[in-house]
Amino acid sequence: MTPLKINNFSHMKTIYFYLLTGLLALGVISCNSSNARNNDNNNNPQSSTTTNFEKVALPYETDALEPVISQQTVELHYGKHHQAYVDNLKKLVVGTKFEDADLETVVKESDGAIFNNAGQILNHNLYFTSFKKDGGGEPTGRLGEAITEQFGSFEKFKEEFNAEGGAVFGSGWVWLAKDDSGKLSIHQESGGGNPITRGLTPILGFDVWEHSYYLDYQNRRGDHLKEIWKIIDWETVGQRY
Ligand code: MN
């Protein structure tokens, strides 16, 4: 009987050992999975926190461009439309290779919804920094010389630019861009297009989406395009050439 008791006691110890080991293992697994969940929460937020996709600060008051562009249009266009592109992109890039990319890389390498929103952030950052209170006049310096040399005169350039902008079918942009040699060209882009996807540098872009002019000019896009030259900040635009 004694050996049996010893055997039983030994058996019980073995069972107890495995039970204890099992409980410890479960505890460890439980701790790990709880940590994993915490890590997931930290690594997969609802929206990217990168600062690469932000709106540029508006370099003037929202009423500074009146009467060419009304305060209401600036507040809606910059405050709501532009903000929506930023909010959309930050959600769309989560879990993609673009999550921490710089904005221009996203525009050059993406397509679909990511491209549309990234393109519009780049476009509107350039657009809203192309104006100033009491702007207008003619470009001077290297850009002014290049425009005169390549288009004949500033007036001829404006005519061609407005004709291209007026002819964009539906929502889009008209851009003045340059290549690496400094050659200027005018391009229509639909949707959120930007000439950087053609390997060019954007200099000046007019937004011809209806949201940019409809409150002030209704269907008269051509009138808006004629007026907008009165608020161009040629010093800032010229630095892009
Ligand atoms: Mn717009």
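In short, a report on the structure. A quick note: this is a predicted structure, and the numbers were derived from the prediction, not measured. (Residues numbered from 1 in each chain as written. Predicted model: local features only at pLDDT ≥ 70, side-chain atom pairs only at ≥ 80, totals over all residues.)

On a plain count of helices and strands, the protein comes out with nine helices and three strands. Secondary structure elements of the protein, listed N to C terminal, follow the sequence α-α-α-α-α-α-β-β-β-α-α-α. Buried positions account for 28% of the 241 residues belonging to the protein. Considering only residue pairs separated by 6 or more positions, the protein has 66% of its internal contacts joining residues 24 or more positions apart. (Helix = DSSP H or I, 4+ residues; strand = E, 2+ residues; numbered from the N terminus. Buried ≥ 20, exposed ≤ 12 C-beta atoms within 10 Å, placed from the backbone. Contact = placed C-beta atoms within 7 Å.)

Taken together, the three strands give an open sheet; going across it, the order is 2-1-3, and neighbouring strands pair in antiparallel fashion. Two strands bound the open sheet, and with one partner strand each, they are strand 2 (184–190) and strand 3 (201–207). Direction aside, neighbouring strands of the sheet carry axes that sit 25° apart on average. Each of strand 1 (172–178), strand 2 and strand 3 touches helix 6 (residues 154–167); the most contacted strand, strand 2, lies at about 15° to it. (Pairing = 2+ DSSP bridges. Axes fitted to C-alpha atoms, helices over the stretch in contact; angles between N-to-C directions.)

Taken residue by residue, a regular strand's side chains alternate between the two faces of the sheet. Burial analysis of strand 3 places six of its seven residues in the buried class, which makes it a mostly covered element. Sheet topology note: the strand 1/strand 3 ladder contains six bridges and is antiparallel. Its bridge partner being in strand 3, Leu176 is matched across the sheet by Leu204.

Moving on to the packing of helix 2 (residues 71–92) against helix 4 (residues 112–128). In a packed pair of helices, the relevant descriptors are the angle between the two axes and the axis-to-axis distance. Packing of helix 2 against helix 4 leaves a shortest axis separation of 9 Å and a crossing angle of 140°. Between helix 2 and helix 4, the angle falls in the class oblique. Between helix 2 and helix 4 lies a crossing whose hand is left-handed. Contacts between helix 2 and helix 4 involve Tyr78, His82, Tyr85, Val86, Asn88, Leu89 and Leu92 from the first element and Ala113, Ile114, Asn117, Ala118, Gln120, Ile121, His124 and Phe128 from the second. Residues of the contact of helix 2 with helix 4, tallied by class, amount to ten nonpolar, five polar and no charged. (Parallel < 35°, antiparallel > 145°, perpendicular 65-115°, else oblique. Left-handed = near helix turned anticlockwise from the far one by under 90°. Nonpolar A, V, L, I, M, F, W, Y, C, P; charged D, E, K, R; others polar.)

That's the geometry; what it means functionally is another story.
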